[in-house]
Each structure stands twice: as structure tokens, then as C-alpha cells.
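Residue-level structure breakdown
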Amino acid sequence: NRLLAAGNARTEIHYGVQIMVCPSSSPHKQDKASHAGSAQSLSLTEVDVVEGYINPELRAIARHSKRGPQTTWYRVLFDSREVAFVAIDRLRRHFVLLQIFVQRDLRGNGIGSAVLRTVEALARSEGYCSVRVWPRPLDRSVDLKGLARWYRARGYRLVPNSAGDMEKRVVSSLHQRIERLAS
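These notes cover the structure that comes with them. (Residues numbered from 1 in each chain as written. Predicted model: local features only at pLDDT ≥ 70, side-chain atom pairs only at ≥ 80, totals over all residues. Heavy atoms only, no water.)

1. Side note on the pattern of salt bridges
The full count for this structure, using the stated rule, is 6 salt bridges. The residue R90 makes a salt bridge to E126 at a minimum N-O spacing of 2.7 Å. In this pair, R90 is assigned in strand β6 (residues 81-90) and E126 in the loop between α2 (111-125) and β8 (130-133), connecting sequence segments 36 residues apart. Among the residues examined, E126 registers a relative accessible area of 31% and is labelled partly exposed. One salt bridge in this structure joins R132 and E167, with 3.6 Å as the shortest N-O distance. (Salt bridge = Lys/Arg side-chain N within 4 Å of Asp/Glu carboxyl O. Helix = DSSP H or I, 4+ residues; strand = E, 2+ residues; numbered from the N terminus. Buried < 20%, exposed > 50% of the residue type's maximum accessible area, 1.4 Å probe, protein only.)

Written as C-alpha cells, this is what we have:
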């Protein structure tokens, strides 16, 4: 992995996908990640208001999304096309992926998996050891069991004594021990 900083924007090369995360206050907000060799570019951009979404389907999802004080909304661009909505909570002990919604006509092409890897890379870059998800379908065409299977196939496991929450470690325990020894 390679982490590059440009003002408030961060670009990370991960899983062959170039990732650029731009805070909403960043002067690079409108910048799009460029191709890294033959890799496709995927970018997350913070969005403060529902109107920040161009696609009406994503705008509708954002409009009905519950937003807490720690929630950050992201607009996901894939090769300069708006393709997904993501909502994340950064809690003291947990990095929580609240919602991920890929446009219906783009599903089944690996975009959701690429977005999930991007979210995991973001959590790791911010020092979180795991990503927690609450699999809840945002769309009637997706059932809860199918969604849980999708997350399990990507390494997520049920959290004991929870209401169906799932979690994936994004930092190895060896990495954690090395960081603790260094601090």
C-alpha cells in the first residue's frame, strides 16, 4: 500500500484500485482520481447535503438515510461516474459502515466490492482495526440473508451477542502489536 497526501486529500493505492478521499472542505473536492496503470479509478467525496448527489436514485437514498452526529456521507465516483452512496460513523471504538448503496443498474459488476475495499482501506488509514456493518437492505430487491451472505463472502463475521452486526478485521493482530510497541 502507498499513501499520498495532497492538502486534505489522501490517495491510497490498494487492491489495484486508486482511491482518493476528499473531505468536503478540501480544495480538491471536485478532483477525480486518475488511472493507476490499467486500474479503474474509484473516489469517495464527502457530501454535506442531499443535493450533493447528482443521480436521483442516490439522492433519494440519501434523503431517507438516518444521519447521526458522527455520520459522514460519501458520493462514490467510478471512472468519473456517480455510482454509489456510502454512510459511515466513526465512533470511539468502531468504524461503522452504516449504508452502502450501488445504483441498481450497475450491480453485479464488482463495484460494491470495490467500494467495500475502499471503506476498509479508509478505516485502516485512520487507525481502526476493524469495520463493523449492520446489514440492512436499502432496497426491496435485496433480502437480508443475501446481504449477510455477500458480507460473509468478503470476510465479515457475526459479532457475538449482537442483533446481526458483522465485523471484519482490517489490521492484523501482528500489525497491532508492532504499533503498540512503537508507541
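2. Regarding the environment of E167
Take E167: it is sitting in strand β10 (residues 166-169). The exposure class assigned to E167 is partly exposed, which follows from its relative accessible area of 22%. Distance from E167 to S130, taken between C-alpha atoms, is 6.6 Å for residues 37 residues apart in sequence. A distance of 2.9 Å separates the side chain of E167 from the side chain of S130, its partner in a polar contact. (Polar contact = N/O pair within 3.5 Å; in protein donor to acceptor, adjacent residues only side chain to side chain.)

3. Thoughts on the pairing of β10
Covered by surrounding structure in β10 are M166 and K168 only, the residues E167 and R169 on the alternate face being uncovered. For β8 and β10, the ladder comprises 4 bridges, and the chain directions are antiparallel. Its bridge partner being in β10, V133 is matched across the sheet by M166. Judged from the 2 bridges that link them, strand β9 (residues 157-158) and β10 form a sheet pairing that is antiparallel. Bridging from a neighbouring strand, R157 pairs with E167 of β10. (Pairing = 2+ DSSP bridges.)

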